[in-house]
Every structure is written in C-alpha cells, then in structure tokens.
Amino acid sequence: MKKFLYSSLLLILASNLCAQDWERRHQFAKSYFGISNFIVPSLSNRSLLNEQGEVQSFERSGFLTPSINLGATHFWGHADFFISISTIDIKFGEDEIDNSIRLGTFTGLRIYPFPTKEQTIRPYVGYRFSPFRYKQKDGTNQSFKFTRVKSVFDIGLGIQLKKLYLTLDYGRVVNSSFTNYLSKTVTARDHFPEHLFQIGFNFAIETTAPANTDLNKAANRSFSASNRNGFFVGAGFSAAFPTTSSSYVTELYPYLDDKSFPTVFPDLVVGYHFSKIDLVTSLSYRPMKQERSAFGFRQQISRNSIIAEVYKFVGDYHGFAPYVGMGLGYENLQFSEAEQDVTIDEFSENKLSPAILFGWDIRPSEKGDWWVLRTNLRYYPFLEIEQQSKKLSLKHLEFNFIQFVWYPQRLRAYKRLQL
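Residues numbered from 1 in each chain as written. Predicted model: local features only at pLDDT ≥ 70, side-chain atom pairs only at ≥ 80, totals over all residues. Heavy atoms only, no water.

## Structural notes on the overall build of the protein
Part 1 of the reasoning: In terms of helices and strands, the protein carries five helices and 24 strands.
Part 2 of the reasoning: On the principal axes, the C-alpha backbone points of the protein span a range of 80 × 50 × 35 Å.
Part 3 of the reasoning: Looking at the protein as a whole, 51% of its 419 residues qualify as buried.
Part 4 of the reasoning: When contacts within the protein are restricted to residue pairs at least 6 apart in sequence, long-range pairs at least 24 apart make up 69% of them.
Part 5 of the reasoning: Here the protein has roughly 18,900 Å² of accessible surface; of this, 59% comes from carbon and sulfur atoms. (Helix = DSSP H or I, 4+ residues; strand = E, 2+ residues; numbered from the N terminus. Buried < 20%, exposed > 50% of the residue type's maximum accessible area, 1.4 Å probe, protein only. Contact = heavy atoms within 4.5 Å. Areas by Shrake-Rupley, 256 points an atom, 1.4 Å probe, with all protein chains shown as cover.)

## Topic: the nonpolar core
Part 1 of the reasoning: Counting 33 residues, the largest nonpolar core has Phe232, Tyr255, Leu256, Tyr311 and Leu392 as the members making the most contacts within it.
Part 2 of the reasoning: For this core, the elements supplying multiple residues, two or more each, are helix H4 (247-252), strand S17 (279-294), strand S18 (297-313), strand S19 (320-339) and strand S20 (342-362).
Part 3 of the reasoning: A per-element tally of this core places S18 first, with five residues.
Part 4 of the reasoning: In terms of nonpolar packing, the next biggest core, distinct from the first, is built from 18 residues, Leu103, Tyr134, Val173 and Phe192 among them. (Core = buried A, V, L, I, M, F, W, Y, C linked by side-chain atoms within 4.5 Å.)

## So, empty space enclosed by the protein
Part 1 of the reasoning: Per the stated rule, a full pass over the model turns up five cavities of 30 Å³ or more.
Part 2 of the reasoning: What the largest cavity holds in volume is close to 60 Å³.
Part 3 of the reasoning: Forming the boundary of the largest cavity are Val269, Ser284, Glu309, Tyr311, Tyr323, Leu357, Arg374, Asn376, Leu377, Arg378 and Gln403.
Part 4 of the reasoning: Elements with a contribution of two residues or more to the lining of the largest cavity: S18 and strand S21 (371-379).
Part 5 of the reasoning: At four residues, the largest contribution of residues to the lining of the largest cavity is made by S21.
Part 6 of the reasoning: Residue classes in the lining of the largest cavity are distributed as five nonpolar, three polar and three charged. (1 Å grid on protein atoms, 1.4 Å probe; cavity = no way out; pocket = protein on both sides within 12 Å on 5 of 7 lines; lining within 4 Å. Points joined across faces, edges and corners; volume = space filled by probe spheres on them. Nonpolar A, V, L, I, M, F, W, Y, C, P; charged D, E, K, R; others polar.)

## Concerning the packing of aromatic side chains
The relative placement of two aromatic rings is captured by the distance of their centres and the angle of their planes.
Part 1 of the reasoning: Tallied over the entire structure, the rule returns 31 aromatic pairs.
Part 2 of the reasoning: For the pair Phe241 and Phe261, a centre-to-centre distance of 5.3 Å together with 80° between the ring planes defines the contact as edge-to-face. With Phe241 in strand S15 (residues 231-242) and Phe261 in the loop between H4 and strand S16 (265-274), this pair connects stretches of sequence that are 20 residues apart. Residues Phe241 and Phe261 agree in their burial class; the two are buried.
Part 3 of the reasoning: Each ring, one from Phe399 and one from Phe401, has its centre 5.9 Å from the other, and the planes form 80°; the classification is edge-to-face.
Part 4 of the reasoning: On the basis of relative accessibility, which here comes to 11%, the residue Phe401 falls in the buried class.
Part 5 of the reasoning: Of the aromatic side chains, those joined through ring pairs into one cluster are Phe144, Tyr248, Tyr253, Tyr255, Phe295, Phe297, Phe335 and Phe347.
Part 6 of the reasoning: The lysine or arginine in question, Arg363, covers the ring of Phe313, its NZ or CZ lying 4.1 Å from the ring centre. (Phe/Tyr/Trp six-rings, centres within 6.5 Å; stacked < 30°, edge-to-face > 60°. Lys NZ or Arg CZ within 6 Å of the ring centre and 35° of its normal.)

## Digging into the sheet that holds S21
Part 1 of the reasoning: Strand order in the closed barrel formed by eight strands is S15-S16-S17-S18-S19-S20-S21-S24, and the pairing between neighbours is antiparallel. Averaged over all pairs of adjacent strands, the angle between their axes in this sheet comes to 25°, without regard to strand direction.
Part 2 of the reasoning: When S15 meets strand S24 (residues 396-406), the two strands line up antiparallel, connected through eight bridges. Paired with Val233 across the strands is Trp406, a residue of S24.
Part 3 of the reasoning: The strands touched by helix H5 (residues 408-418) are S15, S16 and S24; relative to S15, the strand with the most contacts, the crossing angle is about 140°. (Pairing = 2+ DSSP bridges. Axes fitted to C-alpha atoms, helices over the stretch in contact; angles between N-to-C directions.)

## A word on the pairing of strand S22 (residues 384-387)
Part 1 of the reasoning: Side-chain alternation along S22 places Ile385 and Gln387 on a buried face and Glu384 and Glu386 on a face that remains uncovered.
Part 2 of the reasoning: Note: S22 against strand S23 (residues 390-393), four bridges, orientation antiparallel. From the neighbouring strand, Gln387 faces S23, where its bridge partner is Lys390.
Part 3 of the reasoning: Between the antiparallel neighbours S22 and S23 lie two residues, among them Gln388 with a positive phi of about 55°.

Right, dumping it as structure tokens:
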C-alpha cells in the first residue's frame, strides 16, 4: 500500500512536468484549517491486576477524539498534506478502571487520482501515522503507560466547496496488538483500535493566488539576481519521534514506556538565505523534555538543542522547493530518575552531534515573497546517553510540519518597489 501511494505521487509529479509557468505556480497549493472527529465505536476487553494481585478482565468503551486540522492541497488538487492535532478523548461510557487511549498528532497524505476542485466529490486513498498512547491504573491506583507509532491506511471521499473542504474516511490500523506491563513483572496482551472513522470539516484559505501580481514578478527578478536581502527569522512547533529502542530501558526497566515521546516544543530559527545560489545557513533552537514513568518510578530527560545548519534547495517544482543539508547540534542534556518522588540519580552533560536535514518550502513567487511556509525534518543518527554501560537513545526524527519564515529585508525592498 505504501508503494502504491508513493508511486501515485510520482505519477502525479511526472504528469505535470512542464515549464515554470507563473500562473500555474500560483495555483499549486491551497491551504485549509478546521476540525476532525476520530471515532472508535468499540474496544476489546482489557486486563488489570486487582488488589489481590490477580489478573482479571474489564470492558472498555469506545470514544471520540476531536482534532485540529492544518494542511494544504498540493499539485493542483492531486495531493493533500496535513496534520491533525488530537485534543481530548470523549468516552461513550464509563469504564470500571481509569484508562485511556490517546491518539497523538497525525501526519498524513491523501492522494486524489482525480483532482479535487470546487463543487466536486472525489475519492482518495491515504496514509497517516501518529503515536498511540495507552494509559491505565490498576487496582492499587498505580499507573502505567505504553506508546507506539502506528500507521493507518485510509480510503475516503473529499468534498470541495467554495469555502469548505470536507473529508469522510475509514482507516485501518496496522499491527494493533502489543504487550503491556500490569506490574513491574506481570504482562498481558492488549490492542489499540483497529478501525478508525474520521469526519473532517475544514475552511479553505487561499495563500498563493494573491501573490500573482506584477509587483511580485518584479520582486522575484530583483531577489533572484543577488544574495542580498536574505536575512530571515522563523517560528513553528515540532514533534520528535523516537526511532530506536534504548537498551538501558528495555534491559533494566522493561516496564517503562521505552518509546515515550518528547512533548511538543517550539522551533525557533534565525538565518541567511543566499537567494542567488539558493543556499541557507541558520541557527535553530529547540527545548525538549521526555519522561517515562510507571509504578512509582520516573525518568526524565531534558534537552536544550542549538543546531548550526547548512542546506541547499535542489529544485523548485511550481512552488514546491525541496532541500537537503547537514547540521551540527550543541546538546545540553539533563537526566534524572526518582523512585516514589525521591531522586535516586541525576546528572547533566553537553554533547556535539551531527544531524541530517531535509524538507521543503512552499514558494508562490519563487524568490519574490517576503514570507514563506517551511517544513523541517532533522534526524540525529548518533545522539545517545551512556548510563550503567548501556545506551539511552536520543536518535529522534524531528518534524516541524509548518514553520512561518519572515524575511524583513525582503519586506523593506518589496515596499520600495511599490513606490
């Protein structure tokens, strides 16, 4: 299925290859925001450890999760890139035991074989992924958690109106079963939801067509001709995905949530864009905190990261401009562990760690805009902490879906061109 989605996207790209037409690039993307409701009608029974230390089962209710959508249709209505930020879970009934399944932030892609446009209903296939988190308390009120990234394959309908964009789909979760700890030594099998139904209501907003002006054409010619006016600042929110298990956790504390995710964090950047050669140098700062806790034991890792980056744009496909690059991060790491709120270990250290960068800009006017939307992905292939001769992995994939990037020098030059 993944190969089908990727192949479909490549076919869309290939079928639209043509000269960089000014009118066409300003029709490339259309943004939207709105809400989705993810519906899980029912769940399988779950096990618990009662006050007598015996394993017993209990019933769980289905739930509804409202989410906030941010996204845009690209490639003239053939592809939809989006994130859905989950909020609270609303259960359909009251369970005997306090438990919850949290759907994290979904990142996804919908492929439309027939392009969506106003006043149409179009079928799509899609793929999305998100951390799924399970939390439960046992008969003695001890809590534990389990987290895994889950893939979901979708099939659905997109309804495009003048100002509204509606989606209806069914999703199948891949490999929903897992083993969880009911105590520090007792385990049981469980399942995340296997079936997801989604209803989305979104408001379409046009951010590229308004840039189709003679003034932007003149600005594009001016900014493309030299490396001046390249200073920029940017801000957005990122998530970090653990990619590798930590031997320190899996071998010494297997009841902890090994793939626990860092909290969502701000991503702040300042840099310079050498526009003529399309190369960027920048400094980015991100503060992150990761916590694992279960049965009275708590482990925390705080990470303040500053990374020097260099990346090169490798093309501009009608406003979709991908880049690749490298970075070197300075990492301030703080580690602590506590048992029943009593600190048993803590330390801090500083590290230098390389990173691989890739991402893309959405550029309505190539190099003539004073603000753009940028997507950043960073991967740290070697970052880890050594503790008791074992490894705590920080080999995270950071994903900043939408970062607002502002070029103040371009804005001033743009205003001069208006005179």
